[in-house]
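This is what each chain is made of:
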Amino acid sequence: MNENLFTSFITPMMLGLPLVTLIILFPSLLFPSSNRLINNRLISLQQWALQLMSKQMMSIHNTKGQTWTLMLMSLILFIGSTNLLGLLPHSFTPTTQLSMNLGMAIPLWAGAVITGFRNKTKASLAHFLPQGTPTPLIPMLVIIETISLFIQPMTLAVRLTANITAGHLLIHLIGGATLALTSISPTTALITFIILILLTILEFAVAMIQAYVFTLLVSLYLHDNT
Amino acid sequence: MASVVPLKEKKLLEVKLGELPSWILMRDFTPSGIAGAFQRGYYRYYNKYVNVKKGSIAGLSMVLAAYVFLNYCRSYKELSESLLDCFASGGVSPDRVGLVHRLI
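Reading guide: rules and limits
Residues numbered from 1 in each chain as written. Chains lettered and ligands numbered in written order. Predicted model: local features only at pLDDT ≥ 70, side-chain atom pairs only at ≥ 80, totals over all residues. Heavy atoms only, no water. Helix = DSSP H or I, 4+ residues; strand = E, 2+ residues; numbered from the N terminus. Rg over C-alpha atoms; globule rule 2.2 N^0.38 Å. Buried < 20%, exposed > 50% of the residue type's maximum accessible area, 1.4 Å probe, protein only. Contact = heavy atoms within 4.5 Å. Areas by Shrake-Rupley, 256 points an atom, 1.4 Å probe, with all protein chains shown as cover. Lys, Arg positive; Asp, Glu negative; His and termini not counted. Charge placed at Lys NZ, Arg CZ, Asp CG, Glu CD. Buried area = accessible area lost by both parts, 1.4 Å probe. Salt bridge = Lys/Arg side-chain N within 4 Å of Asp/Glu carboxyl O. Polar contact = N/O pair within 3.5 Å; in protein donor to acceptor, adjacent residues only side chain to side chain. Nonpolar A, V, L, I, M, F, W, Y, C, P; charged D, E, K, R; others polar. 1 Å grid on protein atoms, 1.4 Å probe; cavity = no way out; pocket = protein on both sides within 12 Å on 5 of 7 lines; lining within 4 Å. Points joined across faces, edges and corners; volume = space filled by probe spheres on them. pLDDT = per-residue confidence, 0-100.

What follows deals with the overall build of chain A. Scanning chain A from N- to C-terminus turns up 10 helices and 2 strands. Mapped in sequence order, the helices and strands of chain A form the string α-β-β-α-α-α-α-α-α-α-α-α. For 226 residues, the compact-globule estimate of 2.2 N^0.38 gives 17 Å, and the C-alpha radius of gyration of chain A, at 22 Å, exceeds that figure by more than 25%. For chain A, the C-alpha atoms occupy an extent of roughly 70 × 55 × 40 Å along the three principal directions. Per-residue burial over chain A gives 38% buried out of 226 residues. The contacts in chain A between residues at least 6 apart in sequence include a share of 69% that link residues at least 24 apart. Accessible area for chain A stands at about 13,000 Å²; split by element, carbon and sulfur atoms hold 73% of it. The distance from the centre of the 8 positive side-chain charges to the centre of the 4 negative ones in chain A is 22 Å.

Quick look at the structure:
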């Protein structure tokens, strides 16, 4: 049963050439750059959205943290556009691959943590022990805080992978069930079709929300450390 | 007024059919030539459909439709094989045979 379902998650290659590189680079075509003051509608829309996101996300940081604006904005644009493009029929979503999400999460998290250790060593180390803990609990709590620190990049990557993969799988399964049911009982097929529509709307939302969550968490780790 | 334009500078639609092979061979196939061709194609599309005063959704949707089509071409082989399995097991995909049997 399972082989059919997971074929859409295989990395696309063509005659041994990595097609996946082209697919990862494709969203950049949809974000043209411009040096004019007044642009065409596509660029104006994107600039408006970018201003909204950067104001909302970067206002909590100090000057040092705001140097990360370019990185975080390109991150949210990349993840959002890749997830949304994955909802098109027959397309391949790079963010379903754990390797790619780990490649995004680990360097960003490590950058934030190492910046914190280099510039504010005492404050970063102080994060390992919440204020006001009773003395006997201290060793255990330090171990727990260390573990929770090191698990942060894993959760970032796995959260994105699992959400997007699960959504795509559900769409495949429910779509297949709808098709199979049309010949047996059209009423049930209609109900399943309505479920499919609701699921697709959910997937659009999830695509954008996951991008936001990823970026927000990275910015929070940054805030702790600048 | 019968000035002969050299073959190299003619555009594709001006080339006669008999001259086509030699015209193709004269094109610039160096990496920078190919990159230039992609760049020119991109800007032709961009300036015609997107970079206009009242651009519409069509400029973006044509690109997405082409993307869907290319992905379909890429996965055609697997899709046709799974269709064959579907018809072999009586109109339902092979992993759903159990579901249909139980529902009937």
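With that out of the way, let us pick up the overall build of chain B. Summing up its helical and strand segments, chain B has 5 helices and 0 strands in all. Looking at the 104 residues of chain B, the share that counts as buried comes to 18%. Working note: accessible area of chain B is about 8,400 Å², and carbon and sulfur atoms make up 67% of it.

Attention now goes to the environment of A:Met71. Residues and elements named next belong to chain A. Note that Met71 resides in helix H5 (residues 69-85). Judged by relative accessible area, Met71 falls into the partly exposed class, the value being 41%. Taking the C-alpha atoms as reference, Met71 lies 25 Å from Glu203; in sequence the two are 132 residues apart.

A few words now on unusual backbone geometry. Even without being glycine, A:His90 reaches a positive phi, approximately 65°. On the basis of relative accessible area, A:His90 is assigned to the partly exposed category, the value being 35%.

Taken together, the 26 residues of chain B in the interface contact 27 residues of chain A. For the pair chain B and chain A, the summed buried area comes to about 2,300 Å², and 67% of that belongs to carbon and sulfur atoms. Applying the counting rule to chain B against chain A returns 0 salt bridges. The tally of links from chain B across to chain A stands at 4 residue pairs in polar contact (both at pLDDT 80 or more). Counting residues per element, the ones that place at least two in the side of chain B that touches chain A are helix H2 (31-50), helix H3 (57-74), helix H4 (76-88) and helix H5 (97-103) of chain B. Examining the composition of the side of chain B that touches chain A, we find that 8 residues originate from one element, H3(B), more than from any other. Residue classes in the side of chain B that touches chain A are distributed as 15 nonpolar, 5 polar and 6 charged.

Using a probe with the size of a water molecule, rolled over the atoms, empty space left in the structure can be pinpointed. Approximately 1,000 Å³ is the volume found for the second largest pocket. Lining of the second largest pocket is provided by 29 residues; of these, A:Phe26, A:Leu29, B:Phe38, B:Val63 and B:Leu70 occupy positions nearest its centre. Elements with a contribution of two residues or more to the lining of the second largest pocket: helix H2 (20-25) of chain A together with H2 and H3 of chain B. Grouping the amino acids of the lining of the second largest pocket by side-chain chemistry returns 23 nonpolar, 5 polar and 1 charged.

What follows is about the confidence of the model for chain B. Residue and element names in this part refer to chain B. In this model, chain B carries a mean pLDDT of 80, and residues with pLDDT of at least 70 account for 83%. For chain B, per-element mean pLDDT is lowest for H5, which scores 69, and highest for H3, which scores 92. At the level of chain-chain contacts, confidence expressed as ipTM amounts to 0.86, with global pTM at 0.86.

Residue and element names in this part refer to chain A. Taken as a whole, this structure holds 1 cavity of 30 Å³ or more when the rule is applied. Its boundaries defined by the atoms lining it, the largest cavity holds a volume of some 40 Å³. What lines the largest cavity is Asn83, Leu87, Ile164, His168, Glu203 and Ala207. Elements with a contribution of two residues or more to the lining of the largest cavity: helix H9 (152-182) and helix H10 (186-225). Residue classes in the lining of the largest cavity are distributed as 3 nonpolar, 2 polar and 1 charged.

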